[in-house]
Amino acid sequence: LGVEPWGFHLVNVLLHGVVAVLLYTVLKSYGMTRLLAWLAAAIFAVHPIHTEVVNEAVGRSEILVAICLFTGLCFATRDSWKAQVAVIICFGAALLSKEHGVVFLAMLPSFEWFSGRWQDGGWGRRIPLYLSLLVVAAVWLAWWLWGISHAVPRSPVDDIFVPLWHMSHEARFLTALKLQGL
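Below, the structure is looked at part by part. Given the structure is predicted, the values throughout are model-derived calculations rather than measurements.

Quick word on the overall build of the chain
Thought 1: Secondary structure assignment for the chain yields 8 helices and 0 strands.
Thought 2: Each helix and strand of the chain, placed in order from N terminus to C terminus, yields the pattern α-α-α-α-α-α-α-α.
Thought 3: Once local pairs closer than 6 in sequence are excluded, the contacts in the chain between residues at least 24 apart make up 64%.
Thought 4: Approximately 11800 Å² of the chain is accessible, and the part contributed by carbon and sulfur atoms is 72%.

Let's talk about the packing of aromatic side chains
Thought 1: For the structure on display, the rule yields 3 aromatic pairs.
Thought 2: Between tyrosine 30 and phenylalanine 111, the aromatic rings sit 5.1 Å apart at their centres with planes inclined by 65°, giving edge-to-face as the arrangement. Taken as a pair, tyrosine 30 in the loop between α1 (6-29) and α2 (34-46) and phenylalanine 111 in helix α6 (residues 104-114) lie far apart in primary sequence, 81 residues in all.
Thought 3: On the accessibility criterion, tyrosine 30 (11% relative accessible area) is buried.
Thought 4: Overall, the relative accessible area of 22% leaves phenylalanine 111 in the partly exposed class.
Thought 5: Considering the side-chain rings of tryptophan 140 and tryptophan 144, the 5.9 Å spacing of their centres and the 20° angle between planes classify their relative orientation as stacked. In this pair, tryptophan 140 and tryptophan 144 are both assigned in helix α7 (residues 127-150), 4 residues apart and thus about one turn of the helix distant.
Thought 6: In this structure tryptophan 144 comes out as partly exposed when scored by relative accessible area, which is 35%.

Focus on the pattern of salt bridges
Thought 1: Within the structure shown, the criterion is met by 3 salt bridges.
Thought 2: Among the ionic pairs, arginine 126 bridges to aspartate 79, the shortest N-O distance being 3.8 Å. One end of the pair, arginine 126, is in the loop between α6 and α7; the other, aspartate 79, is in the loop between α4 (60-76) and α5 (81-97), with 47 residues separating them in the sequence.
Thought 3: Here glutamate 112 makes a salt bridge to arginine 126, at a shortest N to O gap of 2.4 Å. Here arginine 126 lies in the loop between α6 and α7 and glutamate 112 lies in helix α6, a separation of 14 residues in the sequence. Take glutamate 112 and arginine 126: they sit in the same class, and that class is buried.
Thought 4: Bridged by salt links that share partners, the residues Asp79, Glu112 and Arg126 form one connected network.

Rules behind the numbers
Residues numbered from 1 in each chain as written. Predicted model: local features only at pLDDT ≥ 70, side-chain atom pairs only at ≥ 80, totals over all residues. Heavy atoms only, no water. Helix = DSSP H or I, 4+ residues; strand = E, 2+ residues; numbered from the N terminus. Contact = heavy atoms within 4.5 Å. Areas by Shrake-Rupley, 256 points an atom, 1.4 Å probe, with all protein chains shown as cover. Phe/Tyr/Trp six-rings, centres within 6.5 Å; stacked < 30°, edge-to-face > 60°. Buried < 20%, exposed > 50% of the residue type's maximum accessible area, 1.4 Å probe, protein only. Salt bridge = Lys/Arg side-chain N within 4 Å of Asp/Glu carboxyl O.

Right, dumping it as structure tokens:
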């Protein structure tokens, strides 16, 4: 491929197609009619909001998060322990793809609530899964926070390019609030 971008574009388009198919599968598995699920997935596939993610190679992390989250939702419709392990693995892979994979902690209960899977005390069987997901999220968050403060040596950072680098997290947060106010 060399330096030509067409290969990256092709892979992103194919992966975006996988996301659309997974969306259809998720919507069907949570009780949506075939026609409505197809229509939603088709609109998702061609919606212009996805052009930046699909057109740029750096957007691939967004596509990978979607693949992991939708695959996790598909596995979550099954009640076996193997499926629950697959859900946990998918969630971990989503977090490693991009940090906003943490939305799965709200997505899964929402899908299960609106699809009626929680009726008649069905949520009680899901407590081990939800606790496992919280543990994965906590471990990921601790690793992420540690990585922010320890992974990059502070010495090569030039204050001209990153003026807030040497400030504490609290000072950066307060500066961001001040800038928002201005």
